[in-house]
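# Observations on the three-dimensional arrangement
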Amino acid sequence: MVDNGTSGPGIGDQIIITANLFRNGAGYGTEGAVCTRVAAETTHCSGTFSLPRGQVSWQHLKTSPIGTPPSDFDIAVTGGTGAYATVRGYARVARIAESGGALALYLLH
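Rules of the game
Residues numbered from 1 in each chain as written. Predicted model: local features only at pLDDT ≥ 70, side-chain atom pairs only at ≥ 80, totals over all residues. Heavy atoms only, no water. Salt bridge = Lys/Arg side-chain N within 4 Å of Asp/Glu carboxyl O. Helix = DSSP H or I, 4+ residues; strand = E, 2+ residues; numbered from the N terminus. Patch = residues over 30% accessible without salt bridge, like charges linked within 9 Å, V, L, I, M, F, W, Y side chains within 5 Å. Areas by Shrake-Rupley, 256 points an atom, 1.4 Å probe, with all protein chains shown as cover. Buried < 20%, exposed > 50% of the residue type's maximum accessible area, 1.4 Å probe, protein only. Contact = heavy atoms within 4.5 Å. Polar contact = N/O pair within 3.5 Å; in protein donor to acceptor, adjacent residues only side chain to side chain.

Per the stated rule, a full pass over the model turns up one salt bridge. Ionic pairing is found between Asp74 and Arg92, a salt bridge with its closest N-O pair at 2.8 Å. Note that Asp74 is positioned in strand S5 (residues 73-80) and Arg92 in strand S6 (residues 88-97), a separation of 18 residues in sequence.

Bringing a nonpolar patch on the surface into the picture now. A cluster of nonpolar side chains, namely Val2, Ile16 and Val34, defines an oily patch on the protein surface of about 200 Å² accessible area. Relative to the helices and strands, Ile16 is located in strand S1 (residues 14-23). For Ile16, a relative accessible area of 47% puts it in the partly exposed group.

Mapped onto the fold, Arg37 is located in strand S2 (residues 26-39). Dropping the residues within four chain positions of it, Arg37 is found in contact with Pro9, Gly10, Ile11, Gly12, Asp13, Thr42, Thr43 and Ile66. Looking at Arg37, its side chain comes within polar contact range of the main-chain oxygen of Ala40, at 3.2 Å.

Just distances and angles here, no functional claims.
What follows is the structure, encoded as structure tokens:
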């Protein structure tokens, strides 16, 4: 968490995310993302999944009460590299918690 100038949650604050990705229990890549608070209860997030055959970038805009993890939601796939250079699709994020969550990536080439 990066507090950019206000006492407590405020516009401009950021959440920096890094995560290990797993597929069927085995390591499958990493994720890096930045979420910026753009309104009282709204964040804009963008990130990248680094996978064995390339990278997939994504973004979303989400509104949820401050201090509450967002409920299940979809994120838009915005591009890719390597095997994913022409990819489009979305990811479904579920069961968010401090320790992680579940992600299903739906891609079309």
